[in-house]
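One-letter residues, chain by chain:
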Amino acid sequence: MSSSDNRNGAGRVALILMAVSLLSLSGCSNYDPVPVEKCSEVVKHAQKVLGSMAPDGKTMMADCKAASDSERGCVMAATKKGALAQCM
């Protein structure tokens, strides 16, 4: 495995860790609130945006339920991975 492969793998791991903690950290504001009852929609949207980088659905669902309404709104407003990062 080349050092380039190691760097790409490390970047992927970092992105996955960021996604896992995505909904558990604060930072979103000024978004339409999304109630906890809509977590299945929030998780589905986040998985679509993250694609193959998305953590497993069970982890994302737990994070969603622990998040605030505003944080869930931030995720729903995101259309790119970078925008999801802003939700933290």
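Look above for the structure.
Now for a look at the structure at hand. In every chain, residue numbers begin from 1 and rise along the written sequence. Only residues with pLDDT of 70 or above have their local features reported here, since the model is predicted, and side-chain atom pairs are shown and tallied only from 80 upward, although totals for entire chains, interfaces and linings are computed over all residues. As a rule here, side-chain values come from all non-hydrogen atoms in the structure, and water together with hydrogens is ignored.

## Overview of the nonpolar core
Across soluble globular proteins, nonpolar side chains have a tendency to be buried as a group. Side-chain atoms within 4.5 Å link the members of a nonpolar core, which is a set of buried Ala, Val, Leu, Ile, Met, Phe, Trp, Tyr and Cys residues. Accessible area is worked out with a 1.4 Å probe on protein chains only. A residue is then buried under 20% of its type maximum, exposed over 50%, and partly exposed in between. In this structure, Val42, Met60, Cys64, Val75 and Leu84 are the most contacted members of the largest nonpolar core, which totals 14 residues. Within the residue set of this core, elements represented by two or more residues are helix H2 (39-50), helix H3 (57-66) and helix H4 (69-77). Only DSSP runs of H or I reaching four residues or more are called helices, and only runs of E reaching two or more are called strands; each is numbered from the N terminus. The biggest single contributor to this core is H2, with six residues.

## Structural notes on the packing of H2 against H3
Fitted lines through C-alpha atoms give the axes, limited to the stretch in contact for helices. The angle between two N-to-C directions lies from 0 to 180 degrees. Their axes nearest at 9 Å, the elements H2 and H3 cross at an angle of 125°. Regarding the angle of H2 to H3, the classification is oblique. Seen from above, H2 lies across H3 with right-handed handedness. Across the interface between the two elements, Cys39, Ser40, Val42, Val43, Ala46, Gln47 and Leu50 of H2 pack against Gly57, Met60, Met61, Cys64 and Lys65 of H3. When residues are sorted by character, Ala, Val, Leu, Ile, Met, Phe, Trp, Tyr, Cys and Pro go into the nonpolar class, Asp, Glu, Lys and Arg into the charged class, and all the rest, Gly among them, into the polar class. Partitioning the contact of H2 with H3 into residue classes produces eight nonpolar, three polar and one charged. Angles are sorted into four bins: roughly parallel if under 35 degrees, roughly antiparallel if over 145, roughly perpendicular if 65 to 115, and oblique for all others. Two helices that cross are described as forming a left-handed crossing if the nearer one is turned anticlockwise from the farther one by less than a right angle, and a right-handed crossing if clockwise. Two residues qualify as a contact provided that any one of their heavy atoms is within 4.5 Å of a heavy atom in the partner residue.

## Considerations on the packing of H2 against H4
Two elements in contact, H2 and H4, have axes separated by 9 Å at closest approach and are oriented at 40°. Here H2 is positioned oblique relative to H4, judged by the angle of their axes. As for the relative orientation of H2 and H4, their crossing is left-handed in sense. On the side of H2, the interface is formed by Cys39, Glu41, Val42, His45 and Ala46, while H4 contributes Arg72, Val75 and Met76. Among the residues making up the contact of H2 with H4, the classes are represented as five nonpolar, one polar and two charged.

## Things to note about the environment of Tyr31
With respect to the secondary-structure elements, Tyr31 resides in the loop between helix H1 (3-20) and H2. Its relative accessible area of 34% is what places Tyr31 among the partly exposed residues. Sequence-distant contacts of Tyr31, that is, excluding residues within four places in its chain, are made with Ser70, Gly73, Cys74 and Ala77.

## Brief notes about the state of the cysteines
Pairs of cysteine sulfur atoms within 2.5 Å are identified as disulfides in what follows. Scanning the entire structure with this criterion turns up two disulfides. Between the sulfur atoms of Cys39 and its disulfide partner Cys64 the distance amounts to 2.2 Å. On the sign convention where negative is left-handed, the bridge of Cys39 and Cys64, at about -95° about the S-S bond, is left-handed. Taken as a pair, Cys39 in helix H2 and Cys64 in helix H3 lie far apart in primary sequence, 25 residues in all. Summarising the burial analysis for this pair, Cys39 and Cys64 share the class buried. Note that Cys74 is cross-linked by a disulfide to Cys87, the S-S spacing being 2.1 Å. For the disulfide bridge between Cys74 and Cys87, the dihedral angle about the S-S bond is near -95°, and by the sign convention the bridge is left-handed. Here the residue Cys74 occupies a position in helix H4, and Cys87 occupies one in the segment after helix H5 (81-85), the gap between them amounting to 13 residues. Residue Cys74 shares its accessibility class with Cys87, and that shared class is buried.

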